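Fold and contact review
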Amino acid sequence: MANLNEVTLSAVAVGGSVKEDLIDKIFDASPIDGLMQDSIGSRSSKNNSVEWTRESLTAANPDNARIDGSDSTGNDTVTGERLSNYHQILSKIVKVSDRGNDVDTVGAQKELAKQLLKRGKEIRRDLSSALVSENVAVAGDGASVAGKMAGLGAYAGTVKNGEATTSRGITTGADPVLSGNPGGYPTTAAVAGVKRALSKADVDGVISALYNNGADSTVFRSMPVVAGAFSTFLFDSTAQVATMQKDVMGTGNLAGGETVTAQGAVNVYVSNFATLEIIPDRYMTETATGVASAFIYQPDILEVSYLHQPTIRDLARTGLADNKEITLDASLVVETPECLGVIADIDTALVATA
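The rules we used
Residues numbered from 1 in each chain as written. Predicted model: local features only at pLDDT ≥ 70, side-chain atom pairs only at ≥ 80, totals over all residues. Heavy atoms only, no water. Phe/Tyr/Trp six-rings, centres within 6.5 Å; stacked < 30°, edge-to-face > 60°. Helix = DSSP H or I, 4+ residues; strand = E, 2+ residues; numbered from the N terminus. Buried < 20%, exposed > 50% of the residue type's maximum accessible area, 1.4 Å probe, protein only. Core = buried A, V, L, I, M, F, W, Y, C linked by side-chain atoms within 4.5 Å. Contact = heavy atoms within 4.5 Å. Expected span 1.5 Å × (residues − 1). Pairing = 2+ DSSP bridges. Axes fitted to C-alpha atoms, helices over the stretch in contact; angles between N-to-C directions. Salt bridge = Lys/Arg side-chain N within 4 Å of Asp/Glu carboxyl O. Polar contact = N/O pair within 3.5 Å; in protein donor to acceptor, adjacent residues only side chain to side chain.

1. Observations concerning the packing of aromatic side chains
All chains considered together, the criterion is met by 5 aromatic pairs. Relative to Tyr-155, the ring of Trp-52 has its centre 6.2 Å away and its plane inclined at 45°; by these criteria the two rings are tilted. Placement of the pair is Trp-52 in strand β2 (residues 49-54) and Tyr-155 in the loop between α3 (111-131) and β5 (166-167), with a sequence separation of 103 residues. One exposure class covers both Trp-52 and Tyr-155, and it is buried. Counting every residue linked through ring pairs, the aromatic cluster contains Phe-220, Phe-230 and Tyr-269.

Here it is, written out as C-alpha cells:
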C-alpha cells in the first residue's frame with residue numbers, strides 16, 4: 001500500500017481531511033482616487049433642475065469712437081441666457097439576510113457593513129464617470145424614464161460668443177446643441193467624426209481658442225491611454241518639447257553611493273497660453289470602440305450640484321433580511337462652456353503626432 005500523503009488525505013470523502021488555509025482578507029485593487037468631483041467645486045440644489053446664467057462681453061472694437069458733442073443714441077446693453085442641467089439619482093441596493101450577517105465571512109465581521117462600504121465606493125466612481133461622460137441631459141418622467149445629468153462632453157462646444165473650443169474628427173464631427181440654442185440644457189449629443197490620432201496641433205489650437213475666450217485653462221484630462229500617448233509624444237526625439245532627465249541624489253547601492261531617478265514622463269505641459277496638468281482619468285470611458293475624448297478646462301467653472309450627498313436609507317424588511325439603499329442625487333454645472341474645450345474622436349490605437 002502506498003504511503004499516506006497530502007493527495008490521498010485531500011481525497012477523503014466528503015471534502016477531504018486537510019484543513020483550508022484561507023487568508024482572512026479580501027484583496028481589491030479597484031481604485032477610488034482621482035475622482036472628478038474631488039477636483040472641482042460643489043454646491044447644494046433645491047430643484048431637480050439646476051440653472052445658472054452666463055453672460056459675455058462683446059468683442060473688443062478698435063473703432064469705438066464718438067463725435068464730440070453728438071447725441072447719445074442706441075443701446076449697448078447685452079443680456080445673457082439661462083443654462084441648465086438635470087439631476088441624476090445614482091443608487092446601490094444592498095440586501096443581506098440575518099444569517100448572512102451573523103456568520104463569520106472572509107474579510108469582514110459583518111457582511112452588511114462590508115457591502116455598504118464597497119457599494120458606497122462604487123457609487124462615487126459612477127458619479128465621477130457620469131461627470132466626464134458625453135451623456136446629454138434627460139428630464140425623466142417619474143414613471144419609465146430616469147432623469148440623467150449631462151456630462152462634460154455635452155457642454156463642450158456650446159459657446160454663444162467667442163471661438164469654438166472643440167477639435168473633432170473630419171467629415172461628420174459636430175458639436176452638441178442646447179435645447180434653447182444657445183440657452184437651455186444639452187439635448188442633442190455631439191456627432192462623432194472620423195477618428196484620428198491625437199495631435200499637439202489640436203491641443204494647441206483648443207488652448208488658443210480657450211485663451212481668446214478668456215479661459216485660464218489648467219487641466220488636460222483623458223483616459224490613461226490618451227494621457228500616456230501625449231506624454232510619450234512630448235518626450236519623442238522629433239517633438240522637440242522635453243528631454244529625458246535623471247536625478248542623482250542621496251546615497252544608495254551604486255558604485256558612487258548615489259541613487260538615480262529616471263524621469264520618463266511629462267505631467268505638465270506649458271504652452272504659450274496655458275500650463276496644463278496632464279491627468280489620466282480611470283473613470284472616463286470610450287466614446288466608441290477604440291475612440292476617446294480629451295477635455296481641456298478651467299476647473300473653477302465646474303461644480304457638482306447635490307440635491308443630497310451619498311445617503312444610506314433603510315428599506316422595508318422582507319422576512320429575515322436587512323435591506324438598505326445608498327443613493328445620491330447630483331448634477332453638473334458648467335458655468336461658462338466657453339472655457340471648456342474638447343479634442344474628440346481620438347484613435348486610442350495611434351501614437352500622438354505633431
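This is not the end of the story, as more comes after the structure.
2. Some remarks on the nonpolar core
In this structure, Leu-152, Leu-198, Val-203, Phe-220, Ile-296, Leu-340 and Ile-343 are the most contacted members of the largest nonpolar core, which totals 68 residues. Residues in contact with Ile-343, not counting those within four places in the same chain, are Ser-167, Arg-196, Leu-198, Asp-202, Val-203, Val-206, Phe-220, Ala-292, Ser-293, Ala-294 and Ile-296.

3. Details of the environment of Val-94
Relative to the assigned elements, Val-94 resides in strand β4 (residues 88-97). The exposure class assigned to Val-94 is buried, which follows from its relative accessible area of 3%. For Val-94 and Ile-312, which are 218 residues apart along the polypeptide, the C-alpha to C-alpha distance reads 10.0 Å. In this view, Val-94 contacts Leu-112, Gln-115, Leu-116, Arg-119, Asp-322, Asn-323 and Lys-324; residues no more than four positions away in its chain are not counted.

4. Focus: unusual backbone geometry
Cis peptide bonds are those with omega within 30 degrees of zero, and the linkage from Ala-13 to Val-14 qualifies with -5°. Residue placement: Val-14 occurs in the loop between α1 (6-10) and β1 (41-44). In this model, Asn-181 is joined to Pro-182 through a cis peptide bond whose omega is 25°. With respect to the helices and strands, the residue Pro-182 is situated in the loop between β6 (177-178) and β7 (186-188). One non-glycine residue with positive phi stands out, namely Asp-345, at about 60°. As for its position among the elements, Asp-345 is in strand β16 (residues 340-347). Relative accessible area serves as the criterion here: at 6%, Asp-345 is assigned to the buried category.

5. Digging into helix α5 (residues 224-235)
In a regular helix each residue adds 1.5 Å, so 12 residues correspond to 16 Å; α5 covers 17 Å between its end C-alpha atoms and thus fits that length. Within the sequence span of α5, burial applies to Val-226, Ala-227, Ala-229, Phe-230, Ser-231, Phe-233, Leu-234 and Phe-235.

6. A closer look at the sheet that holds β4
Ordered in space as β1-β14-β15-β4, the 4 strands form an open sheet in which the pairing is mixed. Taken across any chain shown, the strands that pair with only one partner, and hence form the sheet edges, are β1 and β4. Adjacent strand axes in the sheet meet at a mean angle of 30°, parallel and antiparallel pairs treated alike. In the packing of α3 onto the sheet, the strands contacted are β4, β14 (302-314) and β15 (321-334), and the crossing angle to β4 comes to about 160°.

7. What to know about the sheet that holds strand β13 (residues 291-297)
The 6 strands lie next to each other as β5-β16-β13-β8-β12-β11, forming an open sheet whose pairing is mixed. Of all the strands in the sheet, just β5 and β11 (268-270) have a single pairing partner and so form its edges. As paired strands, β13 and β16 are joined by 6 bridges and run antiparallel to one another. Within β16, the residue paired with Ala-292 across the bridge is Ile-346.

8. Quick notes on the pattern of salt bridges
What the rule picks out here adds up to 18 salt bridges. One salt bridge connects Asp-281 with Arg-221, and the closest N-O pair in it is separated by 2.6 Å. Taken as a pair, Asp-281 in the loop between β12 (275-280) and β13 and Arg-221 in strand β8 (residues 219-222) lie far apart in primary sequence, 60 residues in all. Exposure class is identical for Asp-281 and Arg-221. Each is buried. Here the residues in one salt-bridge network are Arg-54, Glu-81, Lys-160 and Glu-338, joined through shared partners.

9. A word on the environment of Asp-300
Here Asp-300 is to be found in the loop between β13 and β14. Residue Asp-300 is classed as exposed on the basis of its relative accessible area of 54%. For the pair Asp-300 and Ser-39, spaced 261 residues apart in sequence, the C-alpha separation works out to 9.3 Å. In this structure the side chain of Asp-300 is engaged in a polar contact, spanning 2.6 Å, whose partner is the side chain of Gln-298.

Read these as geometric descriptors, not functional statements.
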